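Residue-level listing of the chains:
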Amino acid sequence: MATISITDQNRTLDDAQEITEFLAPFGIWYEKWDVAARIGEDATNDEILEAFQPEIERLKQAGGFKTADVINVTPETPGLDEMLAKFDKEHTHDEDEVRFTVQGRGLFHIHPDGGPVFSITVETGDLINVPAGTLHWFNLCENRTIRCIRLFEDMSGWTPHYVDQGVHEKFSPVCWGPDYLPPAENLDPVVEV
Ligand SMILES: [Fe+2]
């Protein structure tokens, strides 16, 4: 289950209905798809795409997406730090960033126009989109592992456009959920990702 944290309001949401309603005004969809009932833990990329074909087709029809793939990130992924450094600074894309998390966890921060920054911690079964043009950044959680279905209209539309206003530097990349530990006053609250 995803968790939303609105740091400036000292507020967290972890109920699916509340999350869906909170995200809707920002143009962000939240859906929960059952994973354990659909694929085994060792499913191949092709098996994942086949298992979720109905959902993928529905999103393609609704959002004009053309292709889907599966990305696998682990601590052993070559060039992982360089890859993460592309996503952990505030940026936008020309098309929606659609991610269905099959395994692992990740942390999106969203910086909406005129609204406070909030984070979405995603884990197995969570589908979200970051709408085109919406400022955001991404961090991995503590185990640096995530496996996602991605949808694209055109791969070139996913090139990040960075903004240089330093907002991402004000927010700790702390993932919420089962492993979350509240920052102690005398400890550095930043968890390395
Ligand atoms: Fe992005």
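Residues numbered from 1 in each chain as written. Predicted model: local features only at pLDDT ≥ 70, side-chain atom pairs only at ≥ 80, totals over all residues. Heavy atoms only, no water.

(A) Quick look at helix α4 (residues 80–87). For α4, the set of buried residues is Leu80, Leu84 and Phe87. On an axial view of α4, the arc spanned by its buried residues comes to 55°, and they lie on one face. Structurally, α4 contributes buried residues whose contacts are with β4 (67–73), β5 (91–92) and β9 (135–140). (Buried < 20%, exposed > 50% of the residue type's maximum accessible area, 1.4 Å probe, protein only. Helix = DSSP H or I, 4+ residues; strand = E, 2+ residues; numbered from the N terminus. Arc of directions from axis to C-beta. Contact = heavy atoms within 4.5 Å.)

(B) The arrangement of the state of the cysteines in detail. In this structure the tally under the stated criterion is one disulfide. The disulfide partner of Cys141 is Cys175, and the S-S distance across this bridge is 2.1 Å. The sign of the S-S torsion, about -100°, decides the handedness of the disulfide formed by Cys141 and Cys175: left-handed. Of this pair, Cys141 sits in the loop between β9 and β10 (146–152) while Cys175 sits in the segment after β11 (161–162), and the two are 34 residues apart along the sequence. Take Cys141 and Cys175: they sit in the same class, and that class is buried. (Disulfide = S-S within 2.5 Å.)

(C) Highlighting the environment of Asp94. Along the chain, Asp94 turns up in the loop between β5 and β6 (97–111). Owing to a relative accessible area of 56%, Asp94 belongs among the exposed residues under this scheme. C-alpha separation for the pair Asp94 and Ala37, spaced 57 residues apart in sequence, amounts to 34 Å. A distance of 3.1 Å separates the side chain of Asp94 from the side chain of His161, its partner in a polar contact. (Polar contact = N/O pair within 3.5 Å; in protein donor to acceptor, adjacent residues only side chain to side chain.)

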